[in-house]
Amino acid sequence: MRSETRSEAYGTATGPVSGFLENPVVGMAPWIVFSLLVGPGRFEIAVGIALGTALALIALSRFVRRGGSWKLLELADVVFFAALAVIGALASDGTLRWLETYAGEVANLTLTVIAFGSMAVRMPFTLQYAREQVDPSLWHAPAFLRTNYVITGVWGLAFLVAALAGGYGDLVLHHPDNIWTGWIIQVLAIVAALRFTVWYPGVVRARARGESAPKRASLLLPLAGLLVPIGIAVLVFDGNVWWLGVALMVAGGLLTKTLQARS
């Protein structure tokens, strides 16, 4: 592949599997899985799945790319979940109950620290992934660096929102499995960061070329589409506010059509 082609596209890779592994979202997959699965009676299962996911992704990365640099997020994945597995195996019943309740918030706060901490030491964690997708001549380009700072910051905010939502459900509502604080708000935060990761580099490239940048409507479209399944989930799991579920479904359909027309 010509270097010019590679330098134009953040996220371009030499094959589908390689492109998948070079996406920073892959490094966050174990944390996302864990934060959504963990809860009363599910700590060991959540840790096991997260640790297995982290190890499988590292092994796949080494096999497909025949090496490659170790990344901050990969190392954090294994160390964090291996430590949780050991702690969970040795913990008393009281400690295990605490972990079942608050481990999701601990994971999200840890990721928040990793995101903003990596920015503080001038190595935003998405940069290690992005450098594998572009020509080395762009590694120190101001626009390239700024893009990764912005994307890393958005992920830090997303995990902070997830941690605050989970903490509110645990500490204020005393309901770890609350559909809003335990699932909907956290999923929306992650999906918003995922969509921004795809959308924002296109905006930067378009501005650099003097072209029309992708509209904000295209950024919001996936979030509007999520309102319909969220409305269905509210109807199924929170029948006391069935009217809200219906309203979300209607709003999701109308917003999706409006945003599709604008984008």
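This text goes with the structure placed above it.
Scope of this entry: the structure provided in the associated data block. (Residues numbered from 1 in each chain as written. Predicted model: local features only at pLDDT ≥ 70, side-chain atom pairs only at ≥ 80, totals over all residues. Heavy atoms only, no water.)

1. As for the overall build of the protein chain
Consideration 1: When you go through the protein chain residue by residue, the secondary structure sums to eleven helices and zero strands.
Consideration 2: When the helices and strands of the protein chain are placed in sequence order, the string is α-α-α-α-α-α-α-α-α-α-α.
Consideration 3: Looking at the protein chain as a whole, 43% of its 263 residues are labelled buried.
Consideration 4: Intrachain contacts of the protein chain at a sequence separation of at least 6 include 71% that bridge at least 24 residues.
Consideration 5: For the protein chain, the exposed area adds up to about 13200 Å²; of that, 69% sits on carbon and sulfur atoms. (Helix = DSSP H or I, 4+ residues; strand = E, 2+ residues; numbered from the N terminus. Buried < 20%, exposed > 50% of the residue type's maximum accessible area, 1.4 Å probe, protein only. Contact = heavy atoms within 4.5 Å. Areas by Shrake-Rupley, 256 points an atom, 1.4 Å probe, with all protein chains shown as cover.)

2. Re the layout of surface pockets
Consideration 1: As a volume, the second largest pocket reaches approximately 170 Å³.
Consideration 2: Among the elements of the structure, helix H9 (179-209) and helix H10 (216-237) are those that each provide at least two residues to the lining of the second largest pocket.
Consideration 3: If you tally residues by element for the lining of the second largest pocket, the top one is H10, at five residues.
Consideration 4: Tallied by class, the residues present in the lining of the second largest pocket amount to nine nonpolar, no polar and no charged. (1 Å grid on protein atoms, 1.4 Å probe; cavity = no way out; pocket = protein on both sides within 12 Å on 5 of 7 lines; lining within 4 Å. Points joined across faces, edges and corners; volume = space filled by probe spheres on them. Nonpolar A, V, L, I, M, F, W, Y, C, P; charged D, E, K, R; others polar.)

3. Here's the deal with a nonpolar patch on the surface
Consideration 1: Together, Ile232, Leu235, Val236, Phe237, Trp242, Trp243, Val246, Val250 and Leu254 make up a nonpolar patch on the protein surface, roughly 950 Å² of accessible area in all.
Consideration 2: For the nonpolar patch, the secondary structure elements donating two or more residues are H10 and helix H11 (242-262).
Consideration 3: No other element matches the five residues that H11 contributes to the nonpolar patch.
Consideration 4: Note that Phe237 resides in helix H10. (Patch = residues over 30% accessible without salt bridge, like charges linked within 9 Å, V, L, I, M, F, W, Y side chains within 5 Å. Salt bridge = Lys/Arg side-chain N within 4 Å of Asp/Glu carboxyl O.)

4. So, the environment of Gly253
Consideration 1: Mapped onto the fold, Gly253 is located in helix H11.
Consideration 2: Exposure remark for Gly253: the relative accessible area of 28% places this residue in the partly exposed category.
Consideration 3: Separated by 29 residues in the primary sequence, Gly253 and Ala224 have C-alpha atoms spaced 7.7 Å apart.

5. Looking at the packing of helix H8 (residues 142-172) against H9
Consideration 1: Close contact between H8 and H9 brings their axes to 8 Å; oriented N to C, the two are set at 175°. As judged from the angle between their axes, H8 and H9 are roughly antiparallel. (Axes fitted to C-alpha atoms, helices over the stretch in contact; angles between N-to-C directions. Parallel < 35°, antiparallel > 145°, perpendicular 65-115°, else oblique.)

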